[in-house]
Amino acid sequence: MEAQRKGFIRLSMAAALAVIVGACSSGPAPVEDRSASRSSGSYSRSLPDSGLYQVRGGDTLYSIAFNYGLDWKDIAGWNGISRPYTIYPGQEIRLTAPTRSSSTVAVTTRPMGTAPQATTRSTTSPAPANPPASTGSAATTSRATTRAVPEDSVIPPASEPSTQSAGTAAPASATAPALTDPKSWIWPTQGRVISSFRAGDPARKGIDIGGEEGQDIRASATGDVVYSGSGLIGFGELIIIKHSDSMLTAYAHNRRRLVKEGERVAGGAKIAEMGRNGQNQTMLHFELRVDGKPVDPLKYLPSH
C-alpha cells in the first residue's frame, strides 16, 4: 500500500509539472486592444476593392462621402452627378477617380417603384422629371481661425437663434441664397469637451462634448441639412449640415433628430437632443470637415 501511495504521489507531481511547463512555453495570454471600442465610434470606412458603391435606401451623396472620408464634390465629378445631386437605391457610383481610358461616367439606374432619395444626372441619361429642391449652391472659401479651447473646459450655453427655427425652416430651393463659409461659429451644445480632435487618429476626427441626456443640440452655423438618419455605423442618430460647398458639420449620437433633409437651419437653431453613444455615455460627437477632410473644430469655435 505504501508503495502504491508513493507511486500515485509521483505521478501527480509529474502531471502538475507538465501543466506548469506547458503554460510557460505557451507565452503570455493575448491582450485585446479595446481602445477603439471605447471611442465615440467616429470612423471612415475603407474603400471597397472595386472602387464602386451601391446606393442604399436613406443614402445621400453627402452621407456617402462622409462615411468614406471623401469630398462630395469629387464623387459628383467622378460620376457626372450634377445639381440637385439625386442618387437612387441600387445605383452604383464610383468612389475613386476614373482612369484616363474611361470614356463614360456612371449611369443613373433606379429600380421600378422606387422613389428618389437624393439627385443624379449623368452625361448618358436625361435628368429625372420634377427633381427635388437643391440643398445649396456654390460658396466662397474664407475660413475662421479663432483661438482653441482647451480640453475639459466648460462651454457656455448657446445663444437663442435670431432667425427662423429649425423646426419651421423652409426646404432649400434653387432660389435660396448662396451659402458661404461661415465667418463665425456657435458651440453646438453646452458641456465639457471630454475628447479632443487628434489628426490622423480614426477614432478622434472631432470632439466629444459631455452633458445631460435630452439637452439641446444646435446648428453651429447657418446651413442646409443634407443628411438626417441612422444609416452610418458608429454615429447613431446623425445629422449633417452643409454650410458651403467646402464645409460640413456633423452631430452624432442624438437621442432625437428634429430636422429633415432639405431644411435650411439658422446658426443656433435647435436641431436635436443629446443622446448616448455605443458605450452608453451621454455626449455629442461633433465634427467639422473642410473639402471632405476632418479638421479640429476648436480652431473654428469661439473661445470664452
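For the structure given in this document, a descriptive report is provided here.

When helices and strands are counted, the protein shows three helices and 14 strands. When burial is assessed residue by residue, the protein has 46% of its 304 residues classed as buried. Of all intrachain contacts in the protein linking residues separated by at least 6 positions in sequence, the fraction that spans at least 24 positions is 70%. A total of about 15,500 Å² of accessible surface is found on the protein, and carbon and sulfur atoms cover 55% of it.

Glancing now at the pairing of strand S8 (residues 238–242). Of all five residues in S8, five are buried; the element is thus mostly enclosed. Going residue by residue along S8, you find Leu-238, Ile-240 and Lys-242 tucked away on one face and Ile-239 and Ile-241 tucked away on the opposite face as well. Of the pairings in the sheet, the one linking strand S7 (residues 223–229) to S8 comprises five bridges and is antiparallel in character. Residue pairing in the sheet places Tyr-227 in a bridge with Ile-240 of S8. In terms of strand pairing, S8 meets strand S9 (residues 247–252) through four bridges, oriented antiparallel. Counted as the bridge partner of Ile-240 is Ala-250 from S9. Following S8, the chain reverses through four residues before pairing antiparallel with S9.

It is worth spelling out the pattern of salt bridges at this point. One pass over the full model with this rule turns up twelve salt bridges. Two residues, Lys-270 and Asp-216, come together in a salt bridge whose shortest N-O distance is 3.0 Å. Highlighted residues: Lys-270 in strand S12 (residues 270–276) and Asp-216 in strand S6 (residues 216–218), separated in sequence by 54 residues. Judged by its relative accessible area of 29%, Lys-270 falls in the partly exposed class. Judged by its relative accessible area of 29%, Asp-216 falls in the partly exposed class. Note that Glu-273 and Arg-256 form a salt bridge whose closest N and O atoms lie 2.9 Å from each other. One end of the pair, Glu-273, is in strand S12; the other, Arg-256, is in strand S10 (residues 254–257), with 17 residues separating them in the sequence. In this structure, a network of salt bridges that share partners links the residues Asp-71, Lys-73 and Asp-291.

What counts, and where the lines are drawn
- Residues numbered from 1 in each chain as written.
- Predicted model: local features only at pLDDT ≥ 70, side-chain atom pairs only at ≥ 80, totals over all residues.
- Heavy atoms only, no water.
- Helix = DSSP H or I, 4+ residues; strand = E, 2+ residues; numbered from the N terminus.
- Buried < 20%, exposed > 50% of the residue type's maximum accessible area, 1.4 Å probe, protein only.
- Contact = heavy atoms within 4.5 Å.
- Areas by Shrake-Rupley, 256 points an atom, 1.4 Å probe, with all protein chains shown as cover.
- Pairing = 2+ DSSP bridges.
- Salt bridge = Lys/Arg side-chain N within 4 Å of Asp/Glu carboxyl O.

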